[in-house]
Amino acid sequence: MLGNIKFIGELGKLNLIHESILHKCIKTLLDKKKKVQLADMGEDLECLCQIMKTVGPKLDHDKARSLMDQYFGRMRSLTTNKELPARIRFLLQNTVELRDNNWAPRKALGDNGPKTISQVRQDAVKDLGVFIPPPNDGMRNDFFMENSFLPTRMKFDREMIGGLADMFGQMPGSGIGTGPGVIQDHYSPTMGRHRTHPHYNGHIVNGNGSHQPPFETGSKPFIKPNQGHGSPVFNHKQIHSVPMPSKDVAPRFYKKGKVNADEISLRPAQSFILNKKQAQKLPPQMTLIPGQGSPLGQLGLKSSPPPIQEKPAKSIKKAPPTKEELHKMTETMVAEYLNNKNIDGAVNMVKEMKAPKHFLCEMLTKIVVYSLDRSNEDKEHTSVLIHTLCTEGIVTSENLMQAFLSVLDQCPKIEEEIPLVKSYLARFAARAIVDDLVTITDLAHHFENGAHFPLFLLCLQQMVKLKDRDWLADLFQQSKINMQKMLPEIDQNKDRMLEILEDKGLSFLFPLMKLEKELLKQIKVDPSPQSIYKWIKENISPKLHTDIGFINILITSFLQYVAYEVNSDGDEQLAAPSKEQLDEEKQLLLSFKPVMQKFLHDHIKLQVSALYALQVHCNAKSFPKGMLLRYFVNLYDMEIIEEEAFLSWKEDVNEEYPGKGKALFQVNQWLTWLETAEEEESEDEDY
């Protein structure tokens, strides 16, 4: 299934699937099926996250923003539902955060790729205080000559070694000893002086700077490190000779002819023989100091390194409160507020909590659940608190809707202790709609197909108590909510819906439906025009007198009554009615003329609606021969319907009313005559 969803998403990205189909797929994955536990919806929710990641940026535009907000509101509420597996909840949370981040995926925290040599050098200087010279002789010599920590007389004439020794070579004079595996430097204290320097060419330099002749062949090439009075790090009183290279020396010890076998020592340098405690105290920076009595100076570590200046510790920010702490703070705040009724104090406590945005939904859920078992007065104060939090900008309407849905998900458990939990929630929802915190359309979207029935009807009842019938009727009419979809599937028909609404005292929301059921009964009781008009005036709001639905019901009721009286014996409408029947039909229609003229006069649009009602009436009887034409002629002769309305009906295309094609076939010739007669009259008026 996940593969199919990926395929659908990719087709959507290429505009090969219409957006309405993608929205339908999302709704199918998001809706909870009947007799399916929430914990078993993991696969659907995983597919939902996948299709959102694939085509979410394409669907998240201005026209579909409200739908996307509803989808993600539901997904956000599911992230806190413990019935779902943790993996699914994290997938939902990642998808919600992806949209919050403008559909930009989270980038990698760092680059774990290999570093360049220049980056290695920079890190060494920054972290260890060790400068690794670049592999260029001129740059190396310029660096050491230009820095003030070297004596101005010192000149380095070092040849490039290359290879690993170039990148990991030591500072001059900072050798780490000798032994197998150690790469020796020309400036290492255990490798004799550079042969090209005039001061070291076959001479011995002691700590006082005096020169001594070299030893004879066979003399020891090294002196103990404690002899002489030179550098505190290593001693320069060593004997250097230039014997011929030995055949026993491995090739790796030859550096362009400068190193021989006699220069190799297994004794570590004095600079390397350090106490571990002292080594830990050494600063990371290497310094160069002049030697005692030496004309060139010596390279090494300071005998008494300066103390390390530690940076002042950064002020540690107070850790944000944990989720458990936030829950306790919320419960404390609500308890104190309901005890002292101090709304300003409660708002300040919420502000001081500094709760993250993702916790606001849980905070509102906690507030509502806490107040469910309290008194009605406390519930009202809780509604005031929520309204104040919204007006202060601390929480949003989206947070409020998510909290409401979250409490609904907990209803099965809460109902065990609080049986009337849905009535209390309906009160909260009604208060939120009255205070314009949420819209009735957004609320109705979550109750389609009878979800949480009859909670939506309970909300409407509470709104009537908070406001009045007229206010709710206007709001409901403007919202254009399909009430049948708010009922369970088995009850989604007009008759059953009217029964349910009458039982809940909400039938006033559909006055025309009530009119359709009762007007025909009233006409049969008293068909006089005065009685009919009086009944309509008393039971139907004047606002509906110009409504197309009202005219449709009025004309249909008259036609049904005429058919009932003409065929009182119960027989079907005859194909060729007798003369007596035709006369009776005309007289009955004439008796209703005052009522019809009262509502249709000078209203062409309403007259067209009356003709459509006649069309539907004839279509229901399978268009008996001549029936529609008789009614057209009678309505025209009685001046109930004007010529303009007939011609407008002819040209109008409306698929809502069935039978237009058959109707035109019966009356097209008469309409043509009517149109011609009207043109002739207009020509006569011109003359």
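Residues numbered from 1 in each chain as written. Predicted model: local features only at pLDDT ≥ 70, side-chain atom pairs only at ≥ 80, totals over all residues. Heavy atoms only, no water.

**Digging into the overall build of the protein**
What counts here: Only DSSP runs of H or I reaching four residues or more are called helices, and only runs of E reaching two or more are called strands; each is numbered from the N terminus. Each residue's exposure class comes from its accessible area (1.4 Å probe, protein chains only) as a fraction of the maximum for that residue type: buried when under 20%, exposed when over 50%, partly exposed otherwise. Residue contacts are defined here by distance: any two heavy atoms, one from each residue, within 4.5 Å place the two residues in contact. All accessibility values rest on the Shrake-Rupley procedure with a 1.4 Å probe; residue burial counts only the protein chains present in the view.
Along its length, the protein carries 29 helices and two strands. For the protein, the residues scored as buried account for 41% of the 687 residues in total. In the protein, the proportion of contacts linking residues at least 24 apart, taken out of those at least 6 apart, comes to 66%. Just so you have it, the protein exposes about 40,500 Å², and 52% of that area is on carbon and sulfur atoms.

**Description of the packing of aromatic side chains**
Threshold: In this analysis, rings of Phe, Tyr and Trp, with Trp reduced to its six-membered ring, are considered paired at centre separations within 6.5 Å, and the interplanar angle assigns stacked below 30 degrees, edge-to-face beyond 60, and tilted for intermediate values. In this scheme, Lys NZ or Arg CZ marks a charge over a ring once it lies within 6 Å of the ring centre and within 35 degrees of the ring normal.
Applying the stated criterion across every chain, the model contains 16 aromatic pairs. Between Phe558 and Phe592 the ring centres are 4.3 Å apart and the planes differ by 10 degrees, which places this aromatic pair in the stacked class. Of this pair, Phe558 sits in helix H23 (residues 548-566) while Phe592 sits in the loop between helix H24 (579-591) and helix H25 (593-600); the two residues are 34 residues apart in sequence, bridging distant segments of the chain. The pair Phe558 / Phe592 is uniform in exposure class, with both members buried. Above the face of the Tyr564 ring, Lys524 is positioned so that its terminal group lies 4.5 Å from the ring centre.

**What to know about a negative patch on the surface**
To be explicit about the condition: Only residues above 30% relative accessible area that lack a salt bridge enter a patch, with like-charged residues linked at up to 9 Å and the nonpolar side chains Val, Leu, Ile, Met, Phe, Trp and Tyr linked at up to 5 Å. A pair is scored as a salt bridge if a Lys or Arg side-chain nitrogen falls within 4 Å of a carboxyl oxygen belonging to Asp or Glu. His is not counted here, nor are the chain ends, while Lys and Arg score as positive and Asp and Glu score as negative. In plain terms, the charge of a residue is placed at NZ if it is Lys, CZ if Arg, CG if Asp and CD if Glu.
Taken together, Asp373, Glu415, Glu416 and Glu417 make up a surface patch of like negative charges. Secondary-structure assignment places Glu417 in the loop between helix H15 (411-414) and helix H16 (421-434). When its relative accessible area of 72% is taken as the criterion, Glu417 is described as exposed.

**Considerations on the nonpolar core**
Rules: Among buried residues, those of type Ala, Val, Leu, Ile, Met, Phe, Trp, Tyr and Cys that are joined through side-chain atoms within 4.5 Å constitute a nonpolar core.
Within the largest apolar cluster, 70 residues are counted, with the highest numbers of intra-cluster contacts made by Ile367, Leu389, Leu425, Phe456, Leu460, Met483 and Leu509. Top contributing element to this core by residue count: H16, with nine residues. Residue contacts for Phe456: discarding those within four places in its chain leaves Ile440, Ala444, Phe447, Phe476, Ile481, Met483 and Met486. Of all hydrophobic cores here, the second largest spans 54 residues; its members include Leu520, Phe550, Leu635 and Leu674.

**Observations regarding helix H27 (residues 627-637)**
Structural remark: α-helix, 3.6 residues per turn; residues separated by three or four positions point the same way. Most of H27 sits out of view: eight of its eleven residues are buried. Of the positions making up H27, those classed as buried are Met627, Leu628, Arg630, Tyr631, Phe632, Asn634, Leu635 and Tyr636. Downstream of H27 by one or two residues, Glu639 has phi in the positive range, about 60 degrees.

**Re H25**
The condition that has to hold: By definition, the arc is the one covered by directions from the helix axis to the C-beta atoms.
Along H25, the positions that sit buried rather than exposed are Val595, Met596, Phe599 and Leu600. End-on view of H25: buried residues confined to an arc of 115 degrees, all on one side of the axis. Where H25 is buried, its residues meet helix H22 (529-539), H23, H24 and helix H26 (604-620). Looking at the residues trailing H25, positive phi occurs at Asp602, about 65 degrees.

**With respect to the pattern of salt bridges**
Opposite charge on two side chains makes pairing possible when the charged atoms of those side chains draw close. Across all of its chains, the model carries 22 salt bridges by this definition. Across the salt bridge formed by Asp409 and Arg74, the nearest N and O atoms sit 3.4 Å from each other. With a gap of 335 residues between them, Asp409 in helix H14 (residues 397-409) and Arg74 in helix H4 (residues 65-78) connect regions that are remote in the sequence. Owing to a relative accessible area of 21%, Asp409 belongs among the partly exposed residues under this scheme. When the shortest N-O distance is used, the salt bridge between Asp474 and Lys543 registers 3.7 Å. Residue Asp474 is found in helix H19 (residues 469-479), and its partner Lys543 is found in the loop between H22 and H23; the two are separated by 69 residues along the sequence. Classification of Asp474 by relative accessible area gives partly exposed; the value is 31%. Each of Asp60, Asp62, Arg65, Asp69 and Arg99 takes part in one network of salt bridges that share partners.

**Looking at the side chain of Arg89**
In this structure, Arg89 sits in helix H5 (residues 86-100). Nearest to the buried, unbridged Arg89 among oppositely charged side chains is Glu362, at 8.8 Å. Beyond its immediate sequence surroundings of up to four residues, Arg89 is in contact with Leu78, Thr79, Asn81, Lys82 and Leu84.

**With respect to the packing of H26 against H27**
Stated formally: The angle between two axes is taken between their N-to-C directions and runs from 0 to 180 degrees, where each axis is a line fitted to C-alpha atoms and a helix contributes only its stretch in contact. Every angle not falling under 35 degrees, over 145, or within 65 to 115 is termed oblique; those three ranges are roughly parallel, roughly antiparallel and roughly perpendicular. Crossings are assigned a handedness: left-handed for a near helix turned anticlockwise from the far helix by less than a right angle, right-handed for a clockwise turn. In this classification, the charged set is Asp, Glu, Lys and Arg, the nonpolar set is Ala, Val, Leu, Ile, Met, Phe, Trp, Tyr, Cys and Pro, and all remaining amino acids, among them Gly, are polar.
Contact geometry for H26 and H27: axes closest at 10 Å, N-to-C directions at 155 degrees. Viewed along their axes, H26 and H27 adopt a mutual orientation that is roughly antiparallel. The crossing of H26 and H27 is right-handed. Between H26 and H27, the residues in contact are Leu611, Leu614, His617 and Cys618 and Met627, Leu628, Tyr631, Phe632 and Leu635, respectively. Taken together, the residues that form the contact of H26 with H27 break down as eight nonpolar, one polar and no charged.

**Description of the confidence of the model for the protein**
Using the following cut-off: The predictor rates its confidence in each residue with pLDDT, a number between 0 and 100.
Chain-level statistics for the protein give a pLDDT mean of 74 and a share of 68% at 70 or above. For the stretch residues 137-176, pLDDT sits under 50, and the model shows 72 contacts to residues farther than four places along the chain or on other chains. Confidence drops under pLDDT 50 across residues 269-303; counting only partners more than four residues distant or on other chains, this segment forms 67 contacts.

**Notes on unusual backbone geometry**
Omega for the bond connecting Phe453 with Pro454 falls within 30 degrees of zero, at 5 degrees, which places this linkage in the cis form. Turning to its location among the elements, Pro454 is positioned in the loop between helix H17 (440-445) and helix H18 (455-466). Even without being glycine, Trp103 reaches a positive phi, approximately 60 degrees. Tracing the backbone through its elements, the reader meets Trp103 in the loop between H5 and helix H6 (117-128).

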